[in-house]
Amino acid sequence: MSLRAVIYDVWILGIGLQTVLALVLLGKRAWQRYPVFSAYVFLNLFGAALSYAVFQNKIVYFYAFWICEAVGIILGLGVVREIFTNVFSPHPALRRLAKIIFRVAVVGLVVPAVGAIYAQSGNAKSIPYAVLLAAQAARIVEVGLIMFLFLCSSAFGLHWRQNVFGMALGLGMIGAVELVTVTLMGHVNSATAETLNLVHGISFSTSLLIWLGYLLAPERLVAVEVPKRAQLEQWNQAVTELISR
Amino acid sequence: MITVIVIALALCAVVLFYTAVRSRRKQAAELFRPVDLNAFRTLMDRDDELFMKEKLPRSKFTRLKRQRIRVTVRYVARIASNASAVLHIGETARLSSTPEVASTAAQVMELAAQIRLQCLVAMGKLLLEYAMPSLQLTPAMLVPKYQSLRENVRRLGDLQTQTPIPLASAI
């Protein structure tokens, strides 16, 4: 089986998984709670179906693919915003501070993203390469913001709802892999580019499985373990001894 | 160069996501750890520290202060961890159909979030003081806030009659 055939199979698998995910979102009415994420999933499904339909016509395929990709990147950033709102909305005390840090992070990420475009713009002799540069910059912002969300929620000790955690994890995974592939794509030969396409396809299917898994799995119950009274007293005694030494 | 930086960023992201998944599994069994507020108050007492500074030789004071800071950091970490656990249980209680339970849970969560923030500030200050023991930064007002959290958690426990565990006495 040739590499091209494997890529094609992975692509078809991706479309199948996207269809299942779209059905799950509709069935669980998740689009009411996560409208931007649902729009992102439906757009990807539409883009994949459209690309499949116009695959034979290279020019139409090019424009269809990159228009969907551009809208997908904007929606991806919208999903990050939706995750942010979901994580911080129950905590008004943290929300204001988190918003400020989030805005600073956006500015802090846009600067290196623009820097990356500027540094490589001299090599951008063709439209596809320029599009790859723009995609790279957008992915830097997207992955950076998801990393920021994970770090920030860990510092504040926040707990993620299962669905939201899955959304962030899947988006982060595909974002990180896309960042690597679009960065390397302009520097490699066509054989390696095919391998990168395969890696991208597999990682996209993995992200779809992550989203499906976290959407379908039941929310974990909070298991709170309380230490025994004797333990508490032992601890207090130990500390009292330590500080009175 | 840009390529290397970008790939490094992507790898960092993957490592971070892996760590997040692992820590989420650990969080599934949350553990409340007791905090002795009297001992903590003594550790944070600045008069006590001034007394030691006057009476002890500089090297001994530095060693003792760093030792105190190490213990204090453990206390602050416990308080932060308990506040985080309270945030977690508060989320469930906040959705209660009983308005009083829901509003008390919201108060508890607000307080726990504030404590969590103060713990971050306290950690920063403690790290600075550890690096420069002669520094005496304003201590974070953690004790009164934490006491208030305990009281609110107790009130929440009283309201939720089905709660089998006396959480307030455990934290």
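Parameters at a glance
Residues numbered from 1 in each chain as written. Chains lettered and ligands numbered in written order. Predicted model: local features only at pLDDT ≥ 70, side-chain atom pairs only at ≥ 80, totals over all residues. Helix = DSSP H or I, 4+ residues; strand = E, 2+ residues; numbered from the N terminus. Buried ≥ 20, exposed ≤ 12 C-beta atoms within 10 Å, placed from the backbone. Contact = placed C-beta atoms within 7 Å. pLDDT = per-residue confidence, 0-100. Axes fitted to C-alpha atoms, helices over the stretch in contact; angles between N-to-C directions. Parallel < 35°, antiparallel > 145°, perpendicular 65-115°, else oblique. Left-handed = near helix turned anticlockwise from the far one by under 90°. Expected span 1.5 Å × (residues − 1). Core = buried A, V, L, I, M, F, W, Y, C linked by C-beta atoms within 7 Å. Domains from an automatic or database assignment. Nonpolar A, V, L, I, M, F, W, Y, C, P; charged D, E, K, R; others polar.

Asks: So what about the overall build of chain A? Which residues, and what values?
Replies: For chain A, the helix and strand inventory stands at 9 helices and 1 strand. Each helix and strand of chain A, ordered N terminal to C terminal, gives the series α-α-α-α-α-α-α-α-β-α. Per-residue burial for chain A yields a buried fraction of 34% across its 245 residues.

Asks: Could you give me a rundown of the overall build of chain B, with the residues and numbers involved?
Replies: What chain B contains, in helices and strands, is 7 helices and 1 strand. The secondary structure elements of chain B, listed N-terminal to C-terminal, are α-β-α-α-α-α-α-α. Going through the 171 residues of chain B one by one, you find that 33% of them count as buried. Residue pairs in contact within chain B that sit at least 24 positions apart in sequence constitute 69% of those at least 6 positions apart.

Asks: Could you give an account of the confidence of the model for chain B, with specific residues and numbers?
Replies: Counting all residues, the mean pLDDT for chain B is 81, and 88% of those residues have values of 70 or more. Both scores are given for the predicted complex: the pTM is 0.75, the ipTM 0.75.

Asks: I'd like a description of the environment of B:Met141, backed by residues and values.
Replies: Within the fold, B:Met141 resides in the loop between α5 (99-131) and α6 (142-159). With 22 residues separating them in the primary sequence, B:Met141 and B:Cys119 have C-alpha atoms 9.5 Å apart.

Asks: Run through the environment of A:Phe88, naming residues and quoting values.
Replies: Residue and element names in this part refer to chain A. In this fold, Phe88 is placed in helix α4 (residues 58-88). Accessibility expressed as a C-beta count within 10 Å gives 23 for Phe88, which makes it buried. It is 40 Å that separates the C-alpha atoms of Phe88 and Ala193, two residues lying 105 residues apart in sequence.

Asks: Which residues make up the packing of helix α3 (residues 35-53) of chain A against α4(A), and what are the values?
Replies: Residue and element names in this part refer to chain A. For the pair α3 and α4, interaxial distance at closest approach is 9 Å and the crossing angle is 165°. The orientation of α3 relative to α4 falls into the category roughly antiparallel. Crossing angle aside, the handedness with which α3 passes α4 is left-handed. Counting all contacts with α3, which are made through Val36, Phe37, Ala39, Tyr40, Leu43, Asn44, Gly47, Leu50 and Ser51, the residues of α4 involved are Tyr61, Ala64, Phe65, Cys68, Val71, Gly72, Leu75, Gly76, Gly78, Val79 and Glu82.

Asks: An account of helix α8 (residues 190-216) of chain A is needed here, citing residue identities and associated values.
Replies: All names here are of chain A. Between its terminal C-alpha atoms α8 stretches 39 Å, which fits the 39 Å expected from 27 residues at 1.5 Å a residue. Of all the positions in α8, only His200, Gly201, Ser203, Phe204, Ser207, Leu208, Ile210, Trp211, Tyr214 and Leu215 are classed as buried. Those residues of α8 hidden inside the fold are in contact with α1 (3-27), α2 (30-33) and α7 (162-185).

Asks: Give a description of the environment of A:Ile101 that names residues and reports values.
Replies: As for its placement among the helices and strands, A:Ile101 is situated in helix α5 (residues 92-120). Sequence separation between A:Ile101 and A:Ile74 is 27 residues; the distance between their C-alpha atoms is 21 Å.

Asks: Any details on the nonpolar core? Residues and values, ideally.
Replies: Of all hydrophobic cores here, the largest spans 93 residues; its most connected members are A:Ile140, A:Leu149, B:Ile79 and B:Ala112. Looking at this core element by element, the count peaks at 14 residues for helix α6 (residues 127-155) of chain A. Counting the residues that make up this core, at least three belong to each of domain 1 (1-30) and domain 2 (32-170) of chain B.

Asks: Can you tell me about the packing of α1(A) against α3(A), naming the residues and giving the values?
Replies: Residues and elements named next belong to chain A. At a minimum axis separation of 10 Å, α1 and α3 run at an interaxial angle of 145°. Where α1 crosses over α3, the two elements pack in a sense that is left-handed. Where α1 approaches α3, its residues Gly14, Ile15, Gln18, Thr19, Leu21, Ala22 and Leu25 are matched on the opposing element by Ser38, Val41, Phe42, Asn44, Leu45, Ala48, Ala49 and Tyr52. Considered class by class, the residues forming the contact of α1 with α3 number 10 nonpolar, 5 polar and no charged.

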